[in-house]
Structure formats: structure tokens, C-alpha cells
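Here is how the chains run, residue by residue.
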Amino acid sequence: MGADNQQERLKTEGWITGFVDGEGCFSVSIFKNSSMSIGWQVFPEFVVTQGERSLETLRTLQEFFGCGRIYVNRRYDNHTENLYRYCVRSLEELRTKIVPFFQQNRLRTAKAKEFETFVQVLNLMEDGKHLTIEGLAEIKRIIHAMNFRSRSSESSETVRRALR
């Protein structure tokens, strides 16, 4: 790789890090799912959302990382453009592409702590902890202890009762 290409890659990496710092999200959701052995599914994802006018930006991210999908969220309210979400949900792609990139290109806002928690949960999942009631409870504690945005299809009380 020539010096010009290295410079361009560094610029691109810096742009992506800054853009994700402002517009990205590392989230973990826990859903009730009867097809899972313990009845619950841990669902980590990396997401960047933009309006339709900035769709090309999401395509740039997808091309750079070589993974993920772009989904449309059609707007039927008073907004004039649809929203698009670049999402990476595959555990393999999260572990091999997204996490290494942000470990090498550190986030600088509060999102850095969100990323650390995200990686901690991915590590527990890699060890199979999400497949046990105890491991699921540990993941839930980690998410809540960090004030991490956690979506659940059930109320927190319902989840707590199920984990007892």
C-alpha cells in the first residue's frame, strides 16, 4: 500500500470513528424467545442511523466494514424522509470486524464506555454464558449497571421474575 493510500485510509478511519461517536450505537437487547433453550435471546447489534439524504454515508460504512445490512424505516409521520439503519448483528462479524476496528480506533465520547460494555457482553456470549440463566442474569446486570440502553420485549420486572 502506497503512502497516499495509507494517508487516505487513516483519514477514512478517523472519519468513521468520529461519525460513529456522534451517530452510532452499540446496543444489547434481551427478548423473550421460546425457541431458545432458556426462553430468552441476547441480541447485540452495532447500528448507525441516518435520514434518506445521507444514505450514501451508510453505504460507505457497509463497504468499509464489508459486512452488515442497511434497512429502511419508512416514515409515516410528519417527517419528510425515511430513516435508514446500517446494522451489524452477526456475532462473527461483530467480533472480527467491528470490535477490532474500534479497539484500534478509540471512541472519544461517552460512547467509549458503551462500546466497552458491548465487548464485555460479546465476550460472555462467546463463552456461552447467554445460554444459562445465571449468565443471562449477569449480562442483564452488566447492561443495567452501565446505564446501557437495553430494550426488552418484556418489562424489567417480568425479566427479573423469569431469571429467579
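These remarks concern the structure in this document.

### Description of the packing of aromatic side chains
Per the counting criterion, the structure on display carries 15 aromatic pairs. Ring geometry for F26 versus F102: centroids 5.5 Å apart, planes at 85°, classification edge-to-face. Residue F26 is found in strand β1 (residues 24–32), and its partner F102 is found in helix α3 (residues 91–104); the two are separated by 76 residues along the sequence. The residues F26 and F102 share a single accessibility class, namely buried. Through pairs of rings, three or more aromatic residues link up here, namely F26, F46, F64, F65, Y86, F101, F102, F115 and F118.

### Examining the environment of S90
The residue S90 is located in the loop between β4 (83–88) and α3 in this model. Residue classification places S90 among the partly exposed positions, given a relative accessible area of 28%. Sequence-wise, S90 and F46 are 44 residues apart; in three dimensions their C-alpha atoms are separated by 9.6 Å.

### Here's the deal with the pairing of β4
Of the strand pairs in this sheet, strand β2 (residues 40–51) and β4 are connected by six bridges, and their pairing is antiparallel. Opposite Q50, over in β4, you have Y84 as the bridge partner. Where strand β3 (residues 69–73) meets β4, five bridges bridge the pair, whose relative direction is antiparallel. In the strand pairing of β4, N73 is matched with L83.

### Quick word on α3
Look at α3: 19 Å from first C-alpha to last across 14 residues, which is about the 20 Å you get at 1.5 Å a residue. In α3, a bend of some 30° at I98 exceeds every other bend along the element, and P100, a proline, comes one to four places later.

### What about the nonpolar core?
Ranked by internal contacts, the top residues of the largest apolar core, which has 36 residues, are F26, F46, F65, I98 and F102. If you list the elements that add at least two residues to this core, you get α1 (3–23), β1, β2, α2 (55–65), β4, α3, α4 (111–126) and α5 (133–145). Residues contacting F46, with those up to four places away along its chain left out, are V20, C25, F26, F65, Y86, C87, V88, L94, I98, F102 and F118.

### Section: the side chain of H130
Within the secondary structure, H130 is located in the loop between α4 and α5. Beyond its immediate stretch of four places on either side in the chain, H130 contacts I38, V42, L124, M125 and I139.

### Focus on the sheet that holds β2
Backbone hydrogen bonds hold the strands of a sheet together, and the pairing may be parallel or antiparallel. Pairing within the open sheet is antiparallel, and its four strands lie in the order β1-β2-β4-β3. The open sheet is flanked by β1 and β3, the only strands paired with a single partner. Pairs of neighbouring strands in the sheet enclose a mean axial angle of 35°, with direction left out of account. Together, β1, β2 and β4 form the strand contacts of α3, whose direction differs from that of β2 by roughly 55°.

### Section: the pattern of salt bridges
Enumeration over the complete set of coordinates arrives at seven salt bridges. Here E45 and R85 are joined by a salt bridge, their closest N and O atoms 3.5 Å apart. Here the residue E45 occupies a position in strand β2, and R85 occupies one in strand β4, the gap between them amounting to 40 residues. Residues R89 and E45 are paired through a salt bridge, measuring 2.8 Å at the closest nitrogen-oxygen approach. Taken together, the positions of R89 in the loop between β4 and α3 and E45 in strand β2 put the pair 44 residues apart, joining distant regions of the chain. Its relative accessible area of 2% is what places E45 among the buried residues. When salt bridges that share partners are traced, they join E45, R85 and R89 into one network.

About the criteria used
Along each chain, the written sequence defines residue order, and numbers are assigned to residues from 1. Totals for whole chains, interfaces and linings use all residues, but because this is a predicted model, local features are given only for residues with pLDDT of at least 70 and pairs of side-chain atoms are given and counted only at 80 or more. Water and hydrogen atoms play no part in the side-chain values, which are based on all heavy atoms of the structure. Centres within 6.5 Å are what make two rings of Phe, Tyr or Trp a pair, Trp counting through its six-membered ring; a difference in plane orientation under 30 degrees is then read as stacked, over 60 as edge-to-face, and the rest as tilted. Secondary structure follows DSSP: runs of H or I at least 4 residues long count as helices, runs of E at least 2 residues long count as strands, and numbering of each begins at the N terminus. Burial classes follow relative accessibility: with a 1.4 Å probe on protein chains only, a residue under 20% of its type's maximum area counts as buried, one over 50% as exposed, and anything between as partly exposed. In this description, strands pair whenever DSSP reports at least two bridges between them. Expected span of a helix: the number of residues minus one, times 1.5 Å. In this analysis the local bend is the angle between axes fitted, respectively, to the seven residues ending at and the seven residues starting at the residue. Residue types Ala, Val, Leu, Ile, Met, Phe, Trp, Tyr and Cys, when buried and joined through side-chain atoms within 4.5 Å, form a set referred to as a nonpolar core. Any two residues whose heavy atoms approach within 4.5 Å are treated as being in contact. Axis lines are fitted to C-alpha atoms, over the contacting stretch for helices. Their N-to-C directions set the angle, which ranges from 0 to 180 degrees. Whenever a carboxyl oxygen of Asp or Glu lies within 4 Å of a side-chain nitrogen of Lys or Arg, that contact is scored as a salt bridge.

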